[in-house]
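Chain by chain, the residues:
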Amino acid sequence: MHIGTTITQFIIEEQRQIKGATGDFTSLLNDIVTACKVISNAVNKGALIGVMGSLDSENVQGETQKKLDVITNEIFIQSNEWAGHLAAMASEEMDDVYQIPGQYPRGKYLLVFDPLDGSSNVDVNISVGTIFSILRCPGEGDAPTAESFLQPGTKQVAAGYALYGSSTMLVLTTGHGVNGFTLDRDIGEFILTHPHMTIPADTKEFAINASNQRFWEAPVKRYVQECLEGKTGPRARDFNMRWVASMVAEVHRILVRGGIFMYPKDTKDPAKAGKLRLLYEANPMSFIVEQAGGASSTGRERILELQPEGLHQRVPVILGSKNEVEKVVAYHKEA
Ligand SMILES: O=P(O)(O)OC[C@H]1O[C@](O)(COP(=O)(O)O)[C@@H](O)[C@@H]1O
Ligand SMILES: [Mg+2]
Ligand SMILES: [Mg+2]
């Protein structure tokens, strides 16, 4: 498809390529696109509509919820529950699975999402996003449970994110490459502006929260140290560093100009294997990154092959430009 195609045309064209497609998937994607437009509007209006700041509540991970965490979760549910294509949803902001009420026959798909990624950035007007992943609902007509969602990332049917930045973008993969669309607010449509996004194999830019340095494992310490040594070190070139603290913004930067992003395993809280959540952060982003020619690993295993053990399970994440990710993985092996 060419630059200027609307996302609606793009999704219909994808459906045409699939023999026997019923239109359910197309319609589900359209509902997700609508939800992202509504969220974009709420994030953009910000303080004008009183949506900034925190609530007294905590989510299942013990994080204080922002008002917008709860509002965006609600928007995603409302946009996606009515059409009958979904059997259930799961989100960062809900302890348990959300069953679609009063449904017969049961929908085919499961939707997992992080309705507002990087929400600590919302009050300071820095880019935030929404991440989503679509899975098939296993079993014949059985009511889905949390178990139904515990599928490796290789089983994802589609994944994407919306980035609410200086412009609003939606980046999508259905397993045939990665395409980026920019929201034209005048006509209310996402327009294809970034076809076939690809991540360069090499990079001179890394992203990591350096305040956790003392908790990292030796291979990550080594990799970052060598980047910092620049031209005079073993890498013989200078590196630049970025940290937005919104995974969506970091992954988008990597899709546009390459780079490596790490939220590695650390010893800060021994109960947690990493910070980012497998089902609605690591898996969808890994699917997108691999589809764009990049790589994604925990340092030890390919993220997309992990067998999930819980809805809100956390994993270490090292993703981006292939050669750099492979270098970090090699350092893990050596160690
Ligand atoms: O605050 P830190 O340690 O820099 O962590 C930032 C990371 O946490 C996250 O914000 C987690 O996302 P949520 O805002 O959805 O909880 C990532 O997007 C980001 O990469
Ligand atoms: Mg998040
Ligand atoms: Mg979130």
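Since the structure is predicted, the reported quantities are computational estimates derived from the model, not experimental observations.

### Some remarks on the site of ligand 1
Next up, step 1: Looking at ligand 1, the residues that line it are E92, D114, D117, G118, S119, S120, N209, A245, S246, M247, Y263 and K275.
Next up, step 2: Among the residues making up the shell around ligand 1, the classes are represented as 3 nonpolar, 5 polar and 4 charged.

### Observations concerning the UniProt feature "binding site: Mg(2+) 1" (unreviewed entry) in the chain
Next up, step 1: When the UniProt feature table is mapped onto this chain numbering, "binding site: Mg(2+) 1" (unreviewed entry) sits at E92, D114 and L116. In summary, the annotated positions, though distributed over 25 residues, converge in three dimensions, the widest C-alpha pair being only 8.9 Å.
Next up, step 2: If near-sequence neighbours (up to four positions away) are discounted, D114 is found in contact with E92, T130, I131, Y280 and E281.
Next up, step 3: With respect to the helices, strands and loops of the structure, L116 is situated in strand β5 (residues 109-117).

### As for the environment of Q99
Next up, step 1: Among the structural elements, Q99 can be located in strand β4 (residues 98-99).
Next up, step 2: Put simply, Q99 and T203 are 104 residues apart on the chain and 43 Å apart in space, counted from C-alpha to C-alpha.
Next up, step 3: What Q99 contacts, discounting residues up to four positions off in sequence, is A88 and A143.

### Here we look at the domain arrangement of the chain
Next up, step 1: As assigned here, the chain comprises domain 1 (7-194) and domain 2 (205-334).
Next up, step 2: At the junction of the two partners, domain 1 supplies 36 residues and domain 2 supplies 29 residues.
Next up, step 3: The set of elements that each furnish at least two residues to the side of domain 1 that touches domain 2 consists of β3 (86-91), β5, β6 (128-136), β7 (158-164) and β8 (168-173).
Next up, step 4: Per-element accounting of the side of domain 1 that touches domain 2 gives the leading share, 5 residues, to β6.

### Focus on the packing of helix α4 (residues 218-229) against helix α7 (residues 322-334)
Next up, step 1: In the contact formed by α4 and α7, the axes pass within 8 Å of each other and the chain directions differ by 135°. Classified by the interaxial angle, the pair formed by α4 and α7 is oblique. Once α4 is placed against α7, the crossing between them reads as right-handed. Of the residues in α7, those in contact with P219, V220, R222 and Y223 of α4 are K327, V328, Y331 and H332.
Next up, step 2: Of the residues contributing to the contact of α4 with α7, the split by class is 5 nonpolar, 1 polar and 2 charged.

### Thoughts on the sheet that holds β3
Next up, step 1: What the 8 strands build is an open sheet, ordered β4-β3-β5-β6-β7-β8-β9-β10; its pairing is mixed. Bordering the open sheet on either side are β4 and β10 (189-194), each of which pairs with just one other strand.
Next up, step 2: Bridge count between β8 and strand β9 (residues 178-184): 5 bridges; the pairing is antiparallel. Bridging across to β9, L172 finds its partner in N179.

### Here's the deal with the sheet that holds strand β17 (residues 317-320)
Consider a sheet: its strands pair through backbone hydrogen bonds, and that pairing is either parallel or antiparallel.
Next up, step 1: Taken together, 5 strands build an open sheet; the order of strands is β12-β11-β13-β17-β15 and the sheet is mixed. Pairing within the sheet leaves two strands with one partner each, and these edge strands are β12 (240-241) and β15 (295-297).
Next up, step 2: As paired elements, strand β13 (residues 260-263) and β17 share 4 bridges and run antiparallel to each other. Bridging from a neighbouring strand, I260 pairs with G320 of β17.
Next up, step 3: Against the sheet, helix α6 (residues 278-291) makes contact with β15 and β17, and its axis sits at roughly 25° relative to β17, the strand it touches most.
Next up, step 4: Against the sheet, α7 makes contact with β13, β15 and β17, and its axis sits at roughly 25° relative to β15, the strand it touches most.

### Topic: the nonpolar core
Next up, step 1: Grouped together as the largest cluster of nonpolar side chains are 90 residues, with contacts concentrated most on L110, V112, L170, V251, M262, I288 and V317.
Next up, step 2: It is helix α2 (residues 24-45) that provides the largest number of residues to this core, a total of 9 residues.
Next up, step 3: Residue contributions to this core reach at least three from each of two domains, namely domain 1 (7-194) and domain 2 (205-334).
Next up, step 4: Discounting residues that sit within four places of it in the chain, M262 has contacts with A207, I208, V220, V317 and I318.

Rules and cut-offs
Residues numbered from 1 in each chain as written. Chains lettered and ligands numbered in written order. Predicted model: local features only at pLDDT ≥ 70, side-chain atom pairs only at ≥ 80, totals over all residues. Near = placed C-beta within 6 Å. Nonpolar A, V, L, I, M, F, W, Y, C, P; charged D, E, K, R; others polar. UniProt positions renumbered as here; feature names shortened; annotations may be inferred. Contact = placed C-beta atoms within 7 Å. Helix = DSSP H or I, 4+ residues; strand = E, 2+ residues; numbered from the N terminus. Domains from an automatic or database assignment. Axes fitted to C-alpha atoms, helices over the stretch in contact; angles between N-to-C directions. Parallel < 35°, antiparallel > 145°, perpendicular 65-115°, else oblique. Left-handed = near helix turned anticlockwise from the far one by under 90°. Pairing = 2+ DSSP bridges. Core = buried A, V, L, I, M, F, W, Y, C linked by C-beta atoms within 7 Å. Buried ≥ 20, exposed ≤ 12 C-beta atoms within 10 Å, placed from the backbone.

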